[in-house]
Amino acid sequence: MNVLNFVNAFFSDSAHWHGYDGIPQRLLEHVQYSLLALAVAAAIGLPVGLLTGHTGRGGNVLAFVATAARALPSFGLLVLMFVLLGLGLLPVMIPLVVLAVPPILVTTYEAVRSVDPSPVDAARGMGMSEPRILFQVEVPVALPLILSGLRSAAIQIVSTATIAAYVSLGGLGRYIVDGLYQRDYEKVVGGATLVAVLALATLTVFWAIARAAVSPGVRRSA
């Protein structure tokens, strides 16, 4: 039985569309985990990236921290958090946030540092305050690259949030973990397909956000 047959069998089974283990419920759980992790990671990575990018200070430390965070294995960190904290949402959120902060942090820093210094110098010459320079001059120009960092983080979170199933939480990972345990490969392939579709949907959402938030002049020059 090939993969396409597994996919067809999974999605054509009406039992997979209802109840606590139905696709709508598992998809909603996965999206909730992903949005929460992305929001926490953005709350950490964006301010630090903007500040260090604007001042030009701390870039080496930032790169070191981001590299160290990327080196941490998400599943290993999940197991460690589970041992230390027990069951719950927090042991899942920590590895997802650790995974997502580096791309947001580094990309935001690089985005602000890459802004042409001429308009920044002109704004300072006009007496604008540093926060106004950052948010009115630098951020609008750096926004496409900042959004690319958020998009990268979101894709990584969506793909990795399946680990929630390993500590008895929900999400699309339940199909993969339960399917492997039950040797139900229809469920495994169906769950993996749903994760891939959600990742593609995330790409589409960020494309739409970029089209709406980035000015046409900045898009053409990017």
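Asks: Quick question: what am I supposed to make of helix α1 (residues 3-12) here?
Replies: Think of an α-helix as turning once every 3.6 residues; residues three or four places apart then point the same way. Within α1, the full set of buried residues consists of F6, V7, A9 and F10. For α1, the angular spread of buried residues about the axis comes to 165°, placing them on one side. The outward face of α1, more than 90 degrees from its buried face, is lined by the exposed residues L4, N8 and S12. Buried residues in α1 make contact with α2 (23-55), α8 (173-182) and α9 (185-213).

Asks: For this particular structure, what's the right way to read the environment of V112?
Replies: Along the polypeptide, V112 turns up in helix α5 (residues 90-113). Spatially, the C-alpha atoms of V112 and V137 are 9.9 Å apart, while their sequence positions differ by 25 residues. Sequence-distant contacts of V112, that is, excluding residues within four places in its chain, are made with L50, G53, H54, L134, E138 and A142.

Asks: Would you mind going over the layout of surface pockets with me for this structure?
Replies: Over the atoms, a rolling probe the size of a water molecule traces out where space has been left empty. Estimates place the volume of the largest pocket at around 220 Å³. Split into classes, the residues belonging to the lining of the largest pocket amount to 11 nonpolar, 2 polar and no charged.

Asks: Which parts of the structure should I look at to understand a nonpolar patch on the surface?
Replies: On the surface, a nonpolar cluster with roughly 600 Å² of combined accessible area is contributed by F75, V79, F82, V83, L87 and Y166. Tracing the backbone shows L87 in the loop between α4 (74-85) and α5.

Asks: Is there a simple way to explain the packing of α4 against α5 in this structure?
Replies: Running from N to C, α4 and α5 point in directions that differ by 145°, and their axes come no closer than 8 Å. For the crossing formed where α4 meets α5, the hand is right-handed. Judged by residue contacts, S74, L77, L78, M81, F82 and L85 of α4 engage L90, P91, V92, I94, P95, V98 and L99 from α5.

Asks: Looking at this structure, how should I read the side chain of R26?
Replies: Counting through the fold element by element, R26 comes out in helix α2. For R26, a relative accessible area of 7% translates into the label buried. When neighbours within four sequence positions are excluded, R26 is seen to be in contact with Y20, D21, G170, G171, L172, R174 and Y175.

Rules behind the numbers
- Residues numbered from 1 in each chain as written.
- Predicted model: local features only at pLDDT ≥ 70, side-chain atom pairs only at ≥ 80, totals over all residues.
- Heavy atoms only, no water.
- Buried < 20%, exposed > 50% of the residue type's maximum accessible area, 1.4 Å probe, protein only.
- Helix = DSSP H or I, 4+ residues; strand = E, 2+ residues; numbered from the N terminus.
- Arc of directions from axis to C-beta.
- Contact = heavy atoms within 4.5 Å.
- 1 Å grid on protein atoms, 1.4 Å probe; cavity = no way out; pocket = protein on both sides within 12 Å on 5 of 7 lines; lining within 4 Å.
- Points joined across faces, edges and corners; volume = space filled by probe spheres on them.
- Nonpolar A, V, L, I, M, F, W, Y, C, P; charged D, E, K, R; others polar.
- Patch = residues over 30% accessible without salt bridge, like charges linked within 9 Å, V, L, I, M, F, W, Y side chains within 5 Å.
- Areas by Shrake-Rupley, 256 points an atom, 1.4 Å probe, with all protein chains shown as cover.
- Salt bridge = Lys/Arg side-chain N within 4 Å of Asp/Glu carboxyl O.
- Axes fitted to C-alpha atoms, helices over the stretch in contact; angles between N-to-C directions.
- Left-handed = near helix turned anticlockwise from the far one by under 90°.

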